[in-house]
Amino acid sequence: LDPETYRSDEAAAYFADLDGEMDARGLGLRPGNSHLATTSPADASSWGTAASIWPLGPDASFAWFDDRRLFWPVEKRGRTLL
């Protein structure tokens, strides 16, 4: 998880921590081996040109938080993964 990807050392540390937590829970889909996505073109375009990747196919997996729509920036450390 490269800080240049996130344009922030703090964000890279957050996603590295999230990756470790998801790995410890046995989740195959993690920031270190997957792509984060959003259904909001405005949110996606804050990282560059927004693009659609549908259809993903039968082996696609999803994970999200139940208390917010964005993975970063985060306002609180507590997480509930679904």
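Chains are numbered independently. Their residues run from 1 in the order of the written sequence. Under the rules for a predicted model, residues below a pLDDT of 70 receive no local features and side-chain atom pairs below 80 are neither given nor counted, while totals for whole chains, interfaces and linings still include all residues. In computing side-chain values, all of the structure's heavy atoms are included and hydrogens and water are not.

Asks: Run through the side chain of Asp 19, naming residues and quoting values.
Replies: Turning to its location among the elements, Asp 19 is positioned in helix α2 (residues 9-24). Residue contacts follow a heavy-atom distance rule, with two residues in contact if any of their heavy atoms lie within 4.5 Å. Non-local contacts of Asp 19, meaning those with residues more than four positions away in its chain, are made with Leu 1, Arg 30, Pro 31, Gly 32 and Asn 33. Secondary structure is summarised from DSSP: a helix means a run of H or I of at least four residues, a strand means a run of E of at least two, and numbering begins at the N terminus for each.

Asks: Tell me about the pattern of salt bridges, and name the residues and values.
Replies: Pairing of side chains with opposite charge becomes possible as their charged atoms draw close. Counted as salt bridges are all cases of a side-chain nitrogen of Lys or Arg within 4 Å of a carboxyl oxygen of Asp or Glu. The final tally for this structure, using the stated rule, is 3 salt bridges. Of the charged contacts, one joins Asp 19 and Arg 30 as a salt bridge, the two residues approaching to 3.4 Å between their closest N and O atoms. With a gap of 11 residues between them, Asp 19 in helix α2 and Arg 30 in the loop between α2 and α3 (41-45) connect regions that are remote in the sequence. Residue class for Asp 19 comes out buried when judged on its relative accessible area of 14%. One salt bridge connects Asp 23 with Arg 30, and the closest N-O pair in it is separated by 3.7 Å. Note on classification: 1.4 Å probe, protein chains only; a residue is buried when its accessible area is under 20% of the maximum for its type, exposed when over 50%, partly exposed between these limits.

Asks: I'd like to hear about α2, residue by residue, with values.
Replies: To estimate how far a helix should reach, multiply one less than its number of residues by 1.5 Å. A rise of 1.5 Å per residue sets the reference length of α2, with its 16 residues, at 22 Å; its end C-alpha atoms lie 23 Å apart and thus fit the reference within 8%. When α2 is considered as a whole, its buried residues turn out to be Ala 11, Ala 12, Tyr 14, Phe 15, Leu 18, Asp 19 and Met 22. On an axial view of α2, the arc spanned by its buried residues comes to 160 degrees, and they lie on one face. Facing away from the buried surface of α2 by more than 90 degrees, the exposed residues are Asp 9, Glu 10 and Ala 24. In protein, a polar contact means a hydrogen-donor-capable atom and an acceptor-capable atom, both N or O and within 3.5 Å, with residues adjacent in sequence counting only if both atoms are side-chain atoms; elsewhere, any N or O pair within 3.5 Å suffices. Sitting at the head of α2, Ser 8 places a side-chain oxygen 3.2 Å from the backbone nitrogen of Glu 10. After α2 finishes, the residue Gly 26 shows a positive phi value of roughly 80 degrees. Directions drawn from the helix axis to the C-beta atoms are what define this arc.

Asks: Quick one: what's the story with the packing of aromatic side chains, residue by residue and with numbers?
Replies: Note on aromatic contacts: the rings of Phe and Tyr and the six-membered ring of Trp form a pair at centre separations within 6.5 Å, being stacked when their planes are under 30 degrees apart, edge-to-face when over 60 apart, and tilted otherwise. In the structure shown here, the tally under the stated rule is 1 aromatic pair. Where Tyr 14 meets Phe 15, the ring centres are 5.1 Å apart and the plane angle is 75 degrees; that geometry is what we call edge-to-face. Comparing Tyr 14 with Phe 15, the two get one shared label, buried.

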